[in-house]
Amino acid sequence: MRSLSVKFRNAYKLRVLCLGWTSSETFLRRSVGLGTQKTYRSLLKSWQLFRGRSGNVWLAGYSNEAKVLLVVQFCEWLVRVEERRGAAVAERISALGTELEIRGHGVEWLKDLRVVRAKKAAAFTVAEIKAGMRKKKDTKLPLSGSMVRDAKSFLWTQSWGVEQMLRKAAWLSLCLGMDSGLRVSQFTVAEPGAEDHCICVMDCQFMIRGGGMRPGGRQLWRTLRSKGASWILGCDLDFVTHKKVKVIKGGVTLKTIERRSEWERVFLDCFVEWLVRADAEGEDELFTVRTGRSIATLRRKEVNVVIKEVAVANGLPAKNFSSKSLRGGFSTQCDREGVSRGVSNVRGMWAQGSRVQEGHYLSQVGGEGVMAMGTGKEMSVTELRRLAQADARRG
């Protein structure tokens, strides 16, 4: 028995060395999500500062009553000392609960009404909300389809140097973002510390003349050098988000580009030509350029710069445009074309029933109010009298 125990311990030590596991707590913290771990740690710093030199930061041995009172005091401390309000307070309480769970402590006491009321007490007042809105950053406006199409004239130059190829890739990324409301991070390299959602070249499946599909990669590029871009009829792109990595399964979320319009035809020809010249391998991020031993890949910040260039070229202030302008452009165009919210939610990778488009991305100028609707379907005074009489009878 002792030899088996030793073997188990040695095997575990080997896994720690190979996989980088230092403890069960470290492993459990992976559940927070790679993209939010930095934020999670910063949220916990507030609690650690609040506890100061007490020595018992994580409340070992405290009664639930004592824990509740401490968290109430913590909420007040956040408001008065760190000047945090609303969601900033709730996020720190949530992060504290997660960390306590990871450390094996129960957190049912966080549902105590005093904790709930403490978070409500930290909410913004109406006056504070109004003051904050006045200081709010510049509203981000949507890009329009014509702005993106016209940008090809100064982004798609004749030169094919690395820098010029990345500017061409930026134009292609604008088209993809407008087409499906995708985040720029889904087809550009993640910034340091951010979760990587960028698809790879092999995540593009190309439809070829005569039937069949071919994955992106050097084998296909060699064929296309002789066949030409017209040999490609369309392309399926499989995008992955954090909502999909919880379970690895056969279901995929495809965005299809074909030749159904002039814009799609131009984009597809340019996309194929760019990929053939970039000569990227299947495992490379989508917009990767390989020249000899050097590798260059399009980054999100480079796309942001180009978006502002497009705005200025159209006589618009650069400060009102960012990568979110692509999702805004997609949502606004879908709404104007009468696309159902369910369909645009699927296309833009929002949850079914989500109202995020209305809250963050849809842009409207004016809009029809009741005065502009006419009087054909107005409620009449007679109908109101009948309702009043019915209400009196019930009384």
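Residues numbered from 1 in each chain as written. Predicted model: local features only at pLDDT ≥ 70, side-chain atom pairs only at ≥ 80, totals over all residues. Heavy atoms only, no water.

1. Notes on the overall build of the chain
Then, in step 1: Helix and strand counts for the chain come out as 16 helices and six strands.
Then, in step 2: For the chain, with 395 residues in total, the buried portion stands at 35%.
Then, in step 3: Taking contacts inside the chain between residues at least 6 apart in sequence as the whole, the part at least 24 apart equals 62%.
Then, in step 4: With an accessible surface of roughly 24,000 Å², the chain has 54% of that area assigned to carbon and sulfur atoms. (Helix = DSSP H or I, 4+ residues; strand = E, 2+ residues; numbered from the N terminus. Buried < 20%, exposed > 50% of the residue type's maximum accessible area, 1.4 Å probe, protein only. Contact = heavy atoms within 4.5 Å. Areas by Shrake-Rupley, 256 points an atom, 1.4 Å probe, with all protein chains shown as cover.)

2. As for unusual backbone geometry
Then, in step 1: Despite not being glycine, L59 has its phi angle at roughly 65°, a positive value.
Then, in step 2: Along the chain, L59 falls in the loop between α3 (37–51) and α4 (64–80).
Then, in step 3: The buried category is assigned to L59, whose relative accessible area is 1%.
Then, in step 4: With a phi close to 55°, D279 is a non-glycine residue in the positive phi region.
Then, in step 5: As for its position among the elements, D279 is in the loop between α11 (262–278) and β5 (288–291).

3. Considering the environment of G104
Then, in step 1: Note on placement: G104 falls in the loop between α5 (87–102) and α6 (113–121).
Then, in step 2: You can call G104 exposed: its relative accessible area is 65%.
Then, in step 3: Separated by 79 residues in sequence, G104 and E25 have C-alpha atoms that sit 9.1 Å apart.

4. Description of the environment of K67
Then, in step 1: Tracing the backbone shows K67 in helix α4.
Then, in step 2: For the pair K67 and V107, spaced 40 residues apart in the sequence, the C-alpha separation amounts to 9.6 Å.
Then, in step 3: Not counting residues up to four positions away in its chain, the partners in contact with K67 are L59, Y62 and W109.

5. Some remarks on the side chain of S173
Then, in step 1: Relative to the helices and strands, S173 is located in helix α9 (residues 162–180).
Then, in step 2: If we ignore the near neighbours within four places in the chain, the residues touching S173 are F187, F287, L298, V303 and L326.

6. Side note on the side chain of S344
Then, in step 1: With respect to the element layout, S344 can be found in helix α14 (residues 341–347).
Then, in step 2: Take S344: its relative accessible area is 1%, and that puts it in the buried class.
Then, in step 3: From its side chain, S344 meets the backbone oxygen of R341 in a polar contact 3.1 Å long.
Then, in step 4: Only 2.9 Å separates the side chain of S344 from the side chain of Q357, close enough to count as a polar contact.
Then, in step 5: If we ignore the near neighbours within four places in the chain, the residues touching S344 are F330, C334, V339, W350 and Q357. (Polar contact = N/O pair within 3.5 Å; in protein donor to acceptor, adjacent residues only side chain to side chain.)

7. A closer look at the sheet that holds strand β3 (residues 232–238)
Then, in step 1: The strand order across the open sheet built from four strands is β2-β1-β3-β4, with neighbouring strands paired in antiparallel fashion. The open sheet has two edge strands, β2 (213–215) and β4 (254–257), and neither has a second partner. Taking the axes of each pair of neighbouring strands and ignoring which way they run, one obtains an average angle of 25° across the sheet.
Then, in step 2: Pairing between β3 and β4: four bridges, direction antiparallel. Residue D238 lies in a different strand from β4, and its bridge partner there is L254.
Then, in step 3: Here α11 sits on the sheet and contacts β1 (204–208), β3 and β4; the angle it forms with β3, its principal contact strand, is near 80°. (Pairing = 2+ DSSP bridges. Axes fitted to C-alpha atoms, helices over the stretch in contact; angles between N-to-C directions.)

8. Remarks on the pairing of β3
Then, in step 1: Most of β3 sits out of view: six of its seven residues are buried.
Then, in step 2: In the sheet, β1 pairs with β3 via five bridges, with the strands oriented antiparallel. What sits directly across from I208, in β3, is I232.

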